[in-house]
Amino acid sequence: MGKYLIIIVSMVLVNNYPLAQFLGICPFLGVSKDKDSATGMGIAVTFVMVLATAVTWPIQQLLNKFGIGYMQTVVFILVIAALVQLIEMFMKKNMVGLYKSLGVYLPLITTNCAVLGVCISNIDSGLNYLEALFNAFGAGVGFLFAMLLMAGVRSKLEDQSRIPKSFRGVPIVLLAAAIMSLSFMGFGGMFS
Amino acid sequence: MENKNKVSILTNGLIKENPVLVLVLGTCPTLATTTSLVNGFGMGISATAVLICSNIVISLLRKIIPDNVRIPCYITVIAGFVTIVQLIVKAFAPALDESLGLYLPLIVVNCIILGRAEMFANKNSVVDSALDGIGMGLGFTLTLCVMGSIRELIGAGTIAGFPVLSRIMPGMSVMTLVPGGFAVYSFIMAFVHYMTEDKSKIRNSFGCSDCAMQDNCVDGSGCANKEVA
């Protein structure tokens, strides 16, 4: 059990996707305007990451068996796109409450590089099935964590009048992200 | 007039609609691969190759692809070209493959490529789409090279491996790490804002109203920048 706990903690803090690995920056900057949407997006991403890993990991074994491992990129992105579509349809029909709170974020996730990133990196680093699932879960939680922190920081940036003119808008958000990632570097070497 | 149009398509991507600095697309590879000039250049060229090819093919197929399944079709075309580029880089530039790593297959979800397919290639002629791909690709590559040079110069004191500052001062390695990426991107964007001085153009948010894809946007589904609030 301890091994899986280490995987999760290291994915949340040490290898945090947006803040330490540059994955999922688009939603990290785009949907972090307020806490509610940040939470919704974070939970939806976590959900899709775990499911996508659960599906793509066996598919890769199948591809390897037929000697067409190089088709990884094409197959994975199509599987993820189809999976997101299926989840959306299933939720709409059977889980209306959940659909109402998470549904709007689902279509955005297909083009989120963090999801494809976690699927490919699970394969590349040779994790077994259970490790890969925990890895995906940790990556998702880390993403949610970073989104929430960013939403908190951005709520303090509402008043743009004190910011130099050229830095208003996107640049100041990037600068805040730089300082946040600097503090996350403090977690580096925790599990070396 | 015709020629002038072609030139403007080509130069649009370089400055006026620079995908990274003005449209704020493709941020992940921009930040992740610009640890040095060579890496940034490699990423830029790979993405440009995919962009030009996918623009041409999508423009050729624009009358055949049914409208309601166009996004999956585009993704398939793009993923095919990404795989080709991936194999070429692996075969001829293994060092680059090593340093780009995960970000090479991730070109497939680079918003610039899908964005240009949706915004430009599916309603323009093949030649125009190819020119747009070249222009946008060059704008992307140029920005990556500038960012890569700055980060390499301050971070390691070299440019493309040649020592420049390293004799005078030691490198600040934080610049080649994650925080340096965010900071340099922020400063370059602020510089562009300062140079253009057009206050109306300064973006306060990533909302739909200032989204580059708003002309084609129906309900924002599939859009990474959709305004949710």
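Reading the values: the criteria
- Residues numbered from 1 in each chain as written.
- Chains lettered and ligands numbered in written order.
- Predicted model: local features only at pLDDT ≥ 70, side-chain atom pairs only at ≥ 80, totals over all residues.
- Helix = DSSP H or I, 4+ residues; strand = E, 2+ residues; numbered from the N terminus.
- Buried ≥ 20, exposed ≤ 12 C-beta atoms within 10 Å, placed from the backbone.
- Contact = placed C-beta atoms within 7 Å.
- Nonpolar A, V, L, I, M, F, W, Y, C, P; charged D, E, K, R; others polar.
- pLDDT = per-residue confidence, 0-100.
- Core = buried A, V, L, I, M, F, W, Y, C linked by C-beta atoms within 7 Å.
- Axes fitted to C-alpha atoms, helices over the stretch in contact; angles between N-to-C directions.
- Parallel < 35°, antiparallel > 145°, perpendicular 65-115°, else oblique.
- Left-handed = near helix turned anticlockwise from the far one by under 90°.

## Some thoughts on the overall build of chain B
Alright, step 1. Counting its secondary structure elements, chain B contains eight helices and two strands.
Alright, step 2. Secondary structure elements in chain B, listed N-terminal to C-terminal, are α-α-α-α-α-α-α-β-β-α.
Alright, step 3. In chain B, buried positions account for 48% of the 229 residues.

## Concerning the interface of chain A and chain B
Alright, step 1. Taken residue by residue, the interface counts 45 residues in chain A and 46 residues in chain B.
Alright, step 2. Of all the elements, helix H10 (residues 170-184) of chain A adds the most residues to the side of chain A that touches chain B, at eight residues.
Alright, step 3. Tallied by class, the residues present in the side of chain A that touches chain B amount to 29 nonpolar, twelve polar and four charged.

## Some words on the confidence of the model for chain A
Alright, step 1. Confidence along chain A averages 86 in pLDDT terms, with 99% of residues attaining 70 or more.
Alright, step 2. Averaged pLDDT values over the elements of chain A bottom out at 75 in helix H7 (residues 106-109) of chain A and peak at 92 in helix H9 (residues 129-155) of chain A.

## Examining the nonpolar core
Alright, step 1. One finds Val115 and Leu116 of chain A together with Val50 and Ile78 of chain B to be the most contacted residues of the largest nonpolar core, which totals 120 residues.
Alright, step 2. In terms of residue count, H9 of chain A provides more of this core than any other element does, 14 residues in total.
Alright, step 3. With near-sequence residues (within four places) excluded, Ile78 of chain B lies in contact with Val50, Ser54, Val108, Ile113 and Leu114 of chain B.

## Topic: the packing of helix H3 (residues 37-60) of chain B against helix H7 (residues 126-156) of chain B
For any two helices packed against each other, the geometry comes down to the angle between their axes and how far apart the axes lie.
Residue and element names in this part refer to chain B.
Alright, step 1. Where H3 meets H7, the axes come as close as 8 Å, and the angle between the chain directions of the two elements is 165 degrees. With respect to H7, the axis of H3 lies roughly antiparallel. Once H3 is placed against H7, the crossing between them reads as right-handed.

## Quick word on the environment of Met147 of chain A
Residue and element names in this part refer to chain A.
Alright, step 1. By the element assignment, Met147 lies in helix H9.
Alright, step 2. As a C-alpha pair, Met147 and Ile172 span 25 residues in sequence and 16 Å in three-dimensional space.
Alright, step 3. With near-sequence residues (within four places) excluded, Met147 lies in contact with Phe28, Ser32, Ala38, Met41 and Gly42.

## Regarding the packing of helix H4 (residues 35-65) of chain A against helix H5 (residues 72-94) of chain A
Residues and elements named next belong to chain A.
Alright, step 1. Interhelical geometry of H4 versus H5 gives an angle of 140 degrees and a closest axis separation of 10 Å. Overall, the two elements H4 and H5 adopt an arrangement that is oblique. Crossing handedness for the pair H4 and H5: right-handed. Across the interface between the two elements, Val48, Leu51, Ala52, Val55, Thr56, Ile59, Gln60 and Leu63 from H4 touch Gln72, Val75, Phe76, Val79, Ile80, Leu83, Val84 and Ile87 from H5.
Alright, step 2. The residue inventory of the contact of H4 with H5, partitioned by class, reads 13 nonpolar, three polar and no charged.

## A closer look at the confidence of the model for chain B
All names here are of chain B.
Alright, step 1. Summarising the model, chain B shows a mean pLDDT of 80, and 84% of its residues fall at 70 or more.
Alright, step 2. Per-element averaging of pLDDT across chain B places helix H1 (residues 2-12) at the bottom with 74 and H3 at the top with 92.
Alright, step 3. pLDDT under 50 marks residues 199-207. Its contacts with residues more than four places away, or in other chains, come to 16 contacts.
Alright, step 4. Low pLDDT, under 50, characterises residues 218-229; the stretch is placed with 31 contacts to residues that sit more than four places away or in other chains.
Alright, step 5. Model confidence for the complex: the whole-complex pTM is 0.83, and ipTM, which rates the interface, is 0.84.

## A few points about unusual backbone geometry
Alright, step 1. We note that Phe22 of chain A has phi near 55 degrees; this positive angle belongs to a residue other than glycine.
Alright, step 2. Residue position: Phe22 of chain A is located in the loop between helix H2 (17-20) and helix H3 (25-30).

## Some words on the environment of Ala139 of chain A
All names here are of chain A.
Alright, step 1. Turning to its location among the elements, Ala139 is positioned in helix H9.
Alright, step 2. Taking the C-alpha atoms as reference, Ala139 lies 11 Å from Cys119; in sequence the two are 20 residues apart.
Alright, step 3. When sequence neighbours within four positions are dropped, the list of residues in contact with Ala139 reads Met11, Tyr17, Met49, Ala114 and Val118.

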